[in-house]
Amino acid sequence: MTILVINNKGQYNHRIQRSLQYLKIPSQLVPNTLSIEEIEAKNPTGIILGGGPSIEGAGNSEKYIMHFDIPILGICLGHQLIAKTYGGEVSTSETESYAQVKININNDENLFKSLAPKMTVWSSHKDEVKTMPKEFTILSSSNLCDVESFKHKDKDVYGIQFHPEVHHTPKGSVIFENFYNICKERCNND
């Protein structure tokens, strides 16, 4: 039961995998240049799409989003890639954010289990989701960003704009534990 962390060349990608290791969640950090077949050969139970400097440098991440029917969590750029892949719009934020912010959790099932109604997170981005894909629902928002996180209405596909892997997000480990539980539950039901 391994979660693949897709390295989109962001400064925090190694921290995502290290956070999972601390939590004893089986994981592997892999480059975003692997083919669909190479990812399939690893037989992941879930995929985390890490952050990165730009959508242009995201390698095969968009292909992974549409191909795999397993739980997927996009973090920062990964969140934006999910939105774009499903027809949403991503553009430069009016207020670039590099700070701790409080998010308002609208839905505390699954990914945000035991975290509602508010959570302090580390925001580090210049782009954000401006228009939601039709198949998605907003899970949380803040006064800086309307779409801090979302979920596909029918699939275990999640996106979060903030970074749970850094210590500036004090309860970020709960997000990873919740995602791992989503992966395990899905694996047990298949």
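These numbers were taken from a predicted model, which means no experiment stands behind them. (Residues numbered from 1 in each chain as written. Predicted model: local features only at pLDDT ≥ 70, side-chain atom pairs only at ≥ 80, totals over all residues. Heavy atoms only, no water.)

Trainee: Whenever I open this one, the UniProt feature "active site" (unreviewed entry) in the protein chain confuses me. Can you help?
Mentor: In the UniProt entry, the feature "active site" (unreviewed entry) is given for Cys76, His163 and Glu165. Spanning 90 residues, the named residues nonetheless gather at one spot, since no C-alpha pair among them exceeds 11.2 Å. Structurally, cysteine 76 can be placed in the loop between strand 4 (72-75) and helix 4 (77-85). For cysteine 76, a relative accessible area of 8% puts it in the buried group. Summarising the element assignment, histidine 163 is placed in the loop between strand 9 (157-160) and helix 5 (172-189). For histidine 163, a relative accessible area of 5% corresponds to the buried category. When residues no more than four places from it in sequence are discounted, the contact partners of histidine 163 are Tyr12, Ile75, Cys76, Trp122, Ser124 and Thr169. Side-chain polar atoms of histidine 163 contact the side chain of glutamate 165, separated by 2.8 Å. (UniProt positions renumbered as here; feature names shortened; annotations may be inferred. Helix = DSSP H or I, 4+ residues; strand = E, 2+ residues; numbered from the N terminus. Buried < 20%, exposed > 50% of the residue type's maximum accessible area, 1.4 Å probe, protein only. Contact = heavy atoms within 4.5 Å. Polar contact = N/O pair within 3.5 Å; in protein donor to acceptor, adjacent residues only side chain to side chain.)

Trainee: Sorry, what's going on with the environment of isoleucine 75 here?
Mentor: With respect to the helices, strands and loops of the structure, isoleucine 75 is situated in strand 4. As for isoleucine 75 and glycine 159, which are separated by 84 residues in sequence, their C-alpha atoms are 6.0 Å apart. Leave out the neighbours within four places in its chain, and isoleucine 75 touches Ile16, Ile48, Leu49, Gly50, Gly51, Ile160, Phe162, His163, Pro164, Glu165 and Phe176.

Trainee: Quick question: what am I supposed to make of the nonpolar core here?
Mentor: One recurring pattern in soluble globular proteins is that nonpolar side chains are buried together. Ranked by internal contacts, the top residues of the largest apolar core, which has 28 residues, are Ile48, Leu73, Leu111, Phe112 and Ile175. When residues in this core are grouped by element, the largest group, seven residues, is from helix 5. Not counting chain neighbours up to four residues away, the residues in contact with isoleucine 48 comprise Ile3, Leu4, Val5, Ile6, Ile16, Leu20, Leu73, Ile75, Phe176 and Phe179. Core analysis: the next-biggest nonpolar cluster, separate from the first, contains 25 residues, Ile6, Ile82, Tyr86 and Val129 among them. (Core = buried A, V, L, I, M, F, W, Y, C linked by side-chain atoms within 4.5 Å.)

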